[in-house]
Amino acid sequence: MRVIIFTAILFSGCLVSRSLALHSQTRKGLLIVLGNGFLACLSDFWINPLLALIVLVVAGRATNFQTYFFIIAAVILAFTASVITWQNQIAFKYAQASNIIPVAQVPIQISPVLVYFFIFALTPPRTISVFFILIGTILTIIAGFLLGQRPETPLVHE
């Protein structure tokens, strides 16, 4: 159930970001790649069950549930890879790649922490770890958006 909720939240983040991009004229490229960051998180998450089940499915030893799970993972991976490539090309029309790619990395950098706490339902080994996780997450978000705010520099041909 946590896997379904996590997937739905990441997909919703992509949809919200994309709908905001449709209504924004100044941050269109930034919002498109932010949505792609959520899709990349989905891809990074779903590659693991795919890799875990591929041997069983190909060898014919997988249960029906494992086969369905494998198919779902494969469809999600194909979908996310296609959409990310397509949407990145659109985003590059609206903003400089060096400014928007760091923003796309923000969800990708934060999602392993979310998987640790919400999917695996683990607790940190020490209380101080929570402090460091929060500081690291905050710094990642700040860095991504600060790098996304750099002024664009035109290419000069000599």
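Quick note: structure is the one above.
The following refers to the structure shown. Please read all numbers here as calculations on a predicted model, not as lab measurements. (Residues numbered from 1 in each chain as written. Predicted model: local features only at pLDDT ≥ 70, side-chain atom pairs only at ≥ 80, totals over all residues. Heavy atoms only, no water.)

Let's shift gears to the packing of aromatic side chains. Scanning all chains against the criterion turns up seven aromatic pairs. Here the aromatic rings of Phe 11 and Phe 79 are separated by 6.3 Å at their centres, their planes lie at 55°, and the arrangement is tilted. Here Phe 11, found in helix H1 (residues 2-23), pairs with Phe 79, found in helix H3 (residues 64-94); they are 68 residues apart in sequence, far enough to count as distant. For Phe 11, a relative accessible area of 33% puts it in the partly exposed group. Phe 79 sits in the partly exposed class, given a relative accessible area of 39%. Taking the centre distance of 5.2 Å and the plane angle of 45° together, the rings of Trp 46 and Phe 69 count as tilted. You can see Trp 46 sitting in helix H2 (residues 28-59) and its partner Phe 69 sitting in helix H3, a full 23 residues away along the chain. An aromatic cluster is built from Phe 6, Phe 45, Trp 46, Phe 65 and Phe 69, whose rings are joined through pairwise contacts. (Phe/Tyr/Trp six-rings, centres within 6.5 Å; stacked < 30°, edge-to-face > 60°. Helix = DSSP H or I, 4+ residues; strand = E, 2+ residues; numbered from the N terminus. Buried < 20%, exposed > 50% of the residue type's maximum accessible area, 1.4 Å probe, protein only.)

Right, let's get into the packing of H2 against helix H4 (residues 97-119). The contact between H2 and H4 brings their axes to 8 Å, and the two run at 35°. The handedness of the crossing between H2 and H4 is right-handed. Between H2, through Gly 29, Leu 30, Val 33, Leu 34, Gly 37, Phe 38, Ala 40, Cys 41, Asp 44 and Phe 45, and H4, the contact on the second element is made entirely by Ile 100, Val 103, Ala 104, Pro 107, Ile 108, Ser 111, Val 115 and Ile 119. Counted by class, the contact of H2 with H4 contains 14 nonpolar, three polar and one charged residues. (Axes fitted to C-alpha atoms, helices over the stretch in contact; angles between N-to-C directions. Left-handed = near helix turned anticlockwise from the far one by under 90°. Contact = heavy atoms within 4.5 Å. Nonpolar A, V, L, I, M, F, W, Y, C, P; charged D, E, K, R; others polar.)

Another point: a nonpolar patch on the surface. A surface patch of nonpolar side chains, amounting to about 950 Å² of accessible area, comprises Ile 128, Val 130, Phe 131, Phe 132, Leu 134, Ile 135, Ile 138, Leu 139, Ile 142 and Leu 146. With respect to the helices and strands, Ile 138 occurs in helix H5 (residues 127-148). Assessed through its relative accessible area of 46%, Ile 138 is described here as partly exposed. (Patch = residues over 30% accessible without salt bridge, like charges linked within 9 Å, V, L, I, M, F, W, Y side chains within 5 Å. Areas by Shrake-Rupley, 256 points an atom, 1.4 Å probe, with all protein chains shown as cover. Salt bridge = Lys/Arg side-chain N within 4 Å of Asp/Glu carboxyl O.)

It is at 10 Å that the axes of H1 and H4 come closest, and there the two elements cross at 150°. The orientation of H1 with respect to H4, classified from their angle, is roughly antiparallel. Crossing geometry of H1 relative to H4 is assigned as right-handed. Along the contact surface, H1 presents Arg 2, Val 3 and Phe 6, while H4 presents Ser 111, Leu 114, Val 115, Phe 118 and Ile 119. Looking at the contact of H1 with H4 residue by residue, the classes come out as six nonpolar, one polar and one charged. (Parallel < 35°, antiparallel > 145°, perpendicular 65-115°, else oblique.)

Look at H1: 32 Å from first C-alpha to last across 22 residues, which is about the 32 Å you get at 1.5 Å a residue. Those residues of H1 not exposed but buried are Phe 6, Thr 7, Leu 10, Gly 13, Cys 14, Ser 17 and Ala 21. Projected down its long axis, H1 carries its buried residues within an arc of 120°, all on one side. For H1, exposure combined with an orientation more than 90 degrees from the buried face picks out Ile 4, Ile 9, Leu 22 and His 23. Contact partners of the buried residues in H1: H2 and H4. (Expected span 1.5 Å × (residues − 1). Arc of directions from axis to C-beta.)

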